[in-house]
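If you want the building blocks of each chain, they are given just below.
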Amino acid sequence: MAPDHFRKHWGFAGIAAAPLTLMTAAPALAQGLGTTGLAGAAPLAIAVGAGGFALLAMAVVRTMLADGKKARLRAAEQIGGLRALVDEYEALLSGTREVTVLWTENSGGAPKLLGQTSAILPVGRQPESVLNFQSWLINADAERLARLLEDLRVHGHAFAVSLSALDGRLIRANGWVLGGGAALRLRPAFLQPGAEGKIPAAVAAGDLASVRAILATLTQPAFARDTSERLVYANQAYLQLAKALGKAGSEHAPPELLEPGQLKLHLVACAAGDKPAKLSVAWPKQGAFELVEFPVASGRAGYLRPAEDHAVKPADASIAHISGIIDTLATPIAIFNAKRELIQFNQAYAHLWNLSPNFLTLGLDERAILDKLRTEGMLPAQVNYHSWRDEHLKAYSRTEARENDPWHLPDGRTIKVISAPAGTSGGVIYVFEDITERLKLESTNKAFSNVQRETINALSEAVAVFGTNGRLTLSNPRLSALWKLPMNELGQNPHIDQIAEASGRAIPEDGASIWRDLKRGIIDLNPTRSDQTGRLNRSDGRLLDYAITRLPDGQTMMTFLDVTESASYSKVLKERNDALVAADVLKDAFVENVSYELRSPLTNIIGFADLLATEGGALNERQTAYIDYIRASSVTLGVLIDNILDLASVDAGIAELRPELQDVASLVDKARAGLSATFPEISGEKPINLVVDIDDDLPPFIADGTRIVQVLYNLLSNAARFSPPGGEIRLTIGHRAERMLFIIEDEGPGLTDEMKSAILTRLDAPAGGRQRGAGLGLAIVKTFVNLHGGTISAEKREPRGSKIIVNLPRDSAMAGVAE
């Protein structure tokens, strides 16, 4: 960095300074040659000195650049060598049968693993599982190693300990301070005494050296074969057995103990699979042995164990006969002897706890099984696992069967555990049951029962459910209130006879007799019987509707509904309906008789009024006004009678339309004539100011002309009644698409909500007009508009007045359907 920095800032400057200095010195040199004396030589000396200094500086800079380049090359070579050395060390450590874990300052606290983790971990585990001590060490040693490692990293205390793995191996652990960090080395030592059954798992991935080291620690005869099935190693116990059999050999060239034919069959069995092969052998003096041989990474290994040590017998002869039975059961069962050794189990037990055949072997201590289940997270979560395990193992000291508290497992299952003595010699029989689904069903059934009970209690009907024995199994509070029965008696599931007796005390007149009659429907067990319904008229005046329903499970449900009030209401409504029917008949008779009876005298009145007006001689002004009033009132009365008859025909359903092509102007003239007759100019009163506006290009209009004239007349007369004298009434007739529009506008007080509803109902017209009508005109308008398939609407005008719009189809031939 220094040479580069110097070159960038000063090297090129020095090189460029030399010629620049010589160039600046040239004038001084020329001047000095022309000047004599010492004073004239001074500039020359300065110029020459500066130039020489520049050349010297340039030479120094070039030398420094060359030296810096050489230094960088040497540094790069040293770094490459150090990296290669580190790679060699890491490769060396990774190739050993041990694991080294490093925590350095540069790693940020993350550990670095070196070596083969398979030498420590069970098969299939991830390398990072080395630091999960609970997964491969027994609990006590896992906690011990965690404390030692924490003490090493915090306080720098080194340690060297031996630890016990779950597979029976002895693991050496060394920890020491490494600069500003720490290091942990783990290496397998050998199997612990009594762990011969776990030899296959301990040496499965080991090389020949590791296999020899482990087999050398065994007290039982053990040997190793190479890939050619040739014996390449035997421990001292094997050589001693061979010597006792009269066969000589050495540790590295051991003799075969099996006969040639026996050996051949055994080797064929070994080659048939990757699981341990077993063979029973016996010698007269040495006794019976079981030969166990299994594959390893460098060939095969095996050992011999006495047959009597391997055969784990039942704890007691009293349970020997059940060994073949539990294998066929689907209920998980495991039997342990007094030494807590597994002596019998079935496949349901192995499946329940997901235990592999390689692990679950006869003779396995129950504590080892519990520890493994806890390591794999399959036991209930406990604050103090060891206290819980000790409490569980108290089953070996009990003399009676006991159902323990259910085990709620982390995976959501719930297991019921029953422990019972295995026999007189001690031991325990465990029966496990997965009750997860049963608890779910019980919870669902309880929730359903609660919902059912709450639903029944909320019903307005009284409910009683009787079993096949005639006893009450379910009821609600409404039953108690309706029959005056105490709730505490109903809660005791009484027989229907007891309910009859209690009802007799509460309702002495007929309570007991009613229930005795109902009893026949309860105790009738005929499969073809049908449901029953009926009504009870009790002596206290209550009316009850009852229903007897047969349930699918053989029970019978009886419901009661108090219909006393509804029956009274029904009676009142029936009476009122009869009265309305009678009134309707009377109305029809009135309309049929009275309307026609009124028309004859009305015609006479109109005729005589006309006669007086034309031929009555000279009449004064007041008499003429009176005659005009008589004529106008008679015309109004005639229109009213016609409206009543029309409404009667509509109500009777006999109203019909006679649609035909109409001249709209002619229709308006007829309506205008009727309006003039109804509102004549009397006593100087201003006449009606009717303005008619008809579009010039109206399309053909097909409708019932008589009914349209009635519609226009009634709307115009209604507008005239509520308009001031001389007020303008405008009739506008136009069309829009296939519809005809008749718009009537007036200058009256305007429409209120009540006046709008009068268009749709047969109400009297509101007071306030010059004349008061029966309101039938608006009802007729609505009826005839609907018969034509049209609509009518009303709205207010601004600033005052009202506006009524009649919207009719152009062709009403297909729309004349009475309401």
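Residues numbered from 1 in each chain as written. Predicted model: local features only at pLDDT ≥ 70, side-chain atom pairs only at ≥ 80, totals over all residues. Heavy atoms only, no water.

This part covers the overall build of the protein chain. A count of helices and strands for the protein chain gives 23 helices and 28 strands. Within the span of the protein chain, comprising 819 residues, buried residues form 38% of the whole. Put simply, of all contacts in the protein chain between residues at least 6 apart along the chain, 50% involve residues at least 24 apart. Here the protein chain displays about 45700 Å² of accessible surface, and carbon together with sulfur accounts for 56% of that area. (Helix = DSSP H or I, 4+ residues; strand = E, 2+ residues; numbered from the N terminus. Buried < 20%, exposed > 50% of the residue type's maximum accessible area, 1.4 Å probe, protein only. Contact = heavy atoms within 4.5 Å. Areas by Shrake-Rupley, 256 points an atom, 1.4 Å probe, with all protein chains shown as cover.)

Despite not being glycine, Glu229 shows a phi value in the positive range, around 65°. Locating Glu229 in the fold gives a position in the loop between strand E6 (222-225) and strand E7 (231-234). On the basis of relative accessible area, Glu229 is assigned to the partly exposed category, the value being 29%. One non-glycine residue, Asn354, lies in positive phi territory at about 55°. Looking at the element boundaries, Asn354 is found in the loop between helix H10 (347-353) and helix H11 (366-375).

Right, let's get into the sheet that holds strand E8 (residues 277-283). If you trace the five strands from one edge of the open sheet to the other, you get E7-E6-E10-E9-E8, paired in antiparallel fashion. With partners counted over all chains shown, the strands left at the sheet margins are E7 and E8, one partner each. Direction aside, neighbouring strands of the sheet carry axes that sit 25° apart on average. Strand contacts of helix H6 (residues 236-244): E6, E7, E8 and strand E10 (299-306), with the helix running at about 105° to E7, the strand carrying the most contacts. In the packing of helix H7 (residues 260-271) onto the sheet, the strands contacted are E6, E8, strand E9 (287-296) and E10, and the crossing angle to E8 comes to about 160°. (Pairing = 2+ DSSP bridges. Axes fitted to C-alpha atoms, helices over the stretch in contact; angles between N-to-C directions.)

Next up on the list: the sheet that holds strand E19 (residues 532-537). Strand order in the open sheet formed by five strands is E18-E17-E21-E20-E19, and the pairing between neighbours is antiparallel. Every interior strand has two partners, whereas the edge strands, strand E18 (472-475) and E19, have only one. On average, adjacent strands in this sheet sit at an angle of 20° to one another, irrespective of strand direction.

With that settled, consider the packing of aromatic side chains. One pass over the structure, following the stated rule, counts 18 aromatic pairs. Linked through ring pairs, Phe336, Phe345, Tyr349, Trp353, Tyr385, Trp388, Trp407, Tyr430 and Phe432 together constitute an aromatic cluster. Its end group placed over the ring of Tyr396, Arg340 keeps NZ or CZ at 5.4 Å from the ring centre. Across from the ring centre of Phe359, 4.8 Å away, lies the NZ or CZ of Lys372, which sits over that ring. (Phe/Tyr/Trp six-rings, centres within 6.5 Å; stacked < 30°, edge-to-face > 60°. Lys NZ or Arg CZ within 6 Å of the ring centre and 35° of its normal.)

We now examine the packing of helix H20 (residues 664-678) against helix H21 (residues 705-721). Viewed as axis vectors pointing N to C, H20 and H21 meet at an angle of 45°, and their least axial separation amounts to 9 Å. The orientation of H20 with respect to H21, classified from their angle, is oblique. As for how H20 packs across H21, the hand of that crossing is right-handed. Contacts between H20 and H21 involve Leu667, Val668, Lys670, Ala671, Gly674, Leu675 and Thr678 from the first element and Gly705, Ile708, Val709, Leu712, Tyr713, Leu716, Ser717 and Ala720 from the second. For the contact of H20 with H21, the residue count by class is ten nonpolar, four polar and one charged. (Parallel < 35°, antiparallel > 145°, perpendicular 65-115°, else oblique. Left-handed = near helix turned anticlockwise from the far one by under 90°. Nonpolar A, V, L, I, M, F, W, Y, C, P; charged D, E, K, R; others polar.)

A few words now on the confidence of the model for the protein chain. Of the residues in the protein chain, 78% reach a pLDDT of 70 or more, and the chain-wide mean stands at 78. Contacts for the low-pLDDT stretch residues 32-36, under 50 throughout, to residues beyond four places or in other chains number two contacts. With pLDDT under 50 throughout, residues 762-774 is counted as low confidence; its partners more than four residues away or in other chains account for 31 contacts. (pLDDT = per-residue confidence, 0-100.)

Quick look at H11 now. Because each turn of an α-helix spans 3.6 residues, side chains separated by three or four positions in sequence point in the same direction. When we look at burial in H11, the residues that qualify are Glu366, Ile369, Leu370, Asp371 and Leu373. Sitting at the amino-terminal end of H11 is Asp365, which places a side-chain oxygen 2.7 Å from the backbone nitrogen of Arg367. Just downstream of H11, Gly377 is the residue with a positive phi angle, here 70°. (Polar contact = N/O pair within 3.5 Å; in protein donor to acceptor, adjacent residues only side chain to side chain.)

What follows is about H6. Those residues of H6 not exposed but buried are Ala237, Tyr238, Leu239, Leu241 and Ala242. On the buried face of H6, the contacting elements are E6, E7, E8 and E10. A positive backbone phi angle near 80° is found at Gly246, which sits one or two residues after H6.

The next subject is the pattern of salt bridges. Per the counting criterion, the structure on display carries 21 salt bridges. Close ionic contact of Glu745 with Arg797 constitutes a salt bridge, the shortest N to O distance being 3.6 Å. Of the two residues, Glu745 is situated in strand E26 (residues 739-746) and Arg797 in the loop between strand E27 (791-796) and strand E28 (802-809); the sequence distance between them amounts to 52 residues. Taking the relative accessible area as the measure of exposure, Glu745 reaches 15% and is therefore buried. The network of salt bridges with shared partners includes Arg225, Glu256, Glu293 and Arg300. (Salt bridge = Lys/Arg side-chain N within 4 Å of Asp/Glu carboxyl O.)

Time to look at the nonpolar core. Core analysis: the largest hydrophobic core is formed by 35 residues, its most contacted members being Phe701, Leu715, Leu716, Leu731 and Phe742. Among the elements that take part in this core, H21 stands out by supplying eight residues, more than any other. Those residues within four positions of Leu715 in sequence are excluded, and the remaining contacts are Ile744, Leu778, Val781, Ile792, Ile804 and Val806. (Core = buried A, V, L, I, M, F, W, Y, C linked by side-chain atoms within 4.5 Å.)

What follows covers the packing of H11 against helix H12 (residues 385-392). Following both chains from N to C, one finds H11 and H12 inclined at 140°, their axes separated by 12 Å at the closest point. With respect to each other, H11 and H12 are oriented oblique. Along this stretch, H11 crosses H12, giving a crossing that reads as right-handed. Of H12, the residues touching H11 (which contributes Glu366, Arg367, Leu370, Asp371 and Arg374) are Tyr385, Arg389 and His392. Grouping the constituent residues of the contact of H11 with H12 by class yields two nonpolar, one polar and five charged.

Moving on to a negative patch on the surface. There is a patch of like negative charges on the surface, built from Asp693, Asp695, Asp696 and Asp697. On the accessibility criterion, Asp697 (55% relative accessible area) is exposed. (Patch = residues over 30% accessible without salt bridge, like charges linked within 9 Å, V, L, I, M, F, W, Y side chains within 5 Å. Lys, Arg positive; Asp, Glu negative; His and termini not counted. Charge placed at Lys NZ, Arg CZ, Asp CG, Glu CD.)

On the surface, Leu56, Val60 and Met64 cluster together into a nonpolar patch covering about 260 Å² of accessible area. Assessed through its relative accessible area of 34%, Met64 is described here as partly exposed.

Bringing the pairing of E18 into the picture now. On a regular strand, each side chain points to the face opposite its neighbour's, so the side chains alternate between the two faces of the sheet. Alignment of strand E17 (residues 462-466) against E18, held across three bridges, turns out to be antiparallel. Residue Phe466 lies in a different strand from E18, and its bridge partner there is Leu472. The loop that links E17 with its antiparallel partner E18 comprises five residues; one of these, Gly470, has a positive phi angle of about 85°.

Within the secondary structure, Arg230 is located in the loop between E6 and E7. Considered as a pair, Arg230 and Arg300 are 70 residues apart in the sequence and their alpha carbons are 9.4 Å apart. With residues up to four places along the chain from it excluded, the contact list for Arg230 reads Ala224 and Arg225.

As for its position among the elements, Ala401 is in the loop between H12 and strand E13 (402-403). With a relative accessible area of 58%, Ala401 lands in the exposed category. Ala401 sits 17 residues away from Ile418 along the chain, and the two C-alpha atoms are 7.1 Å apart. In this view, Ala401 contacts Ser419, Ala420 and Pro421; residues no more than four positions away in its chain are not counted.

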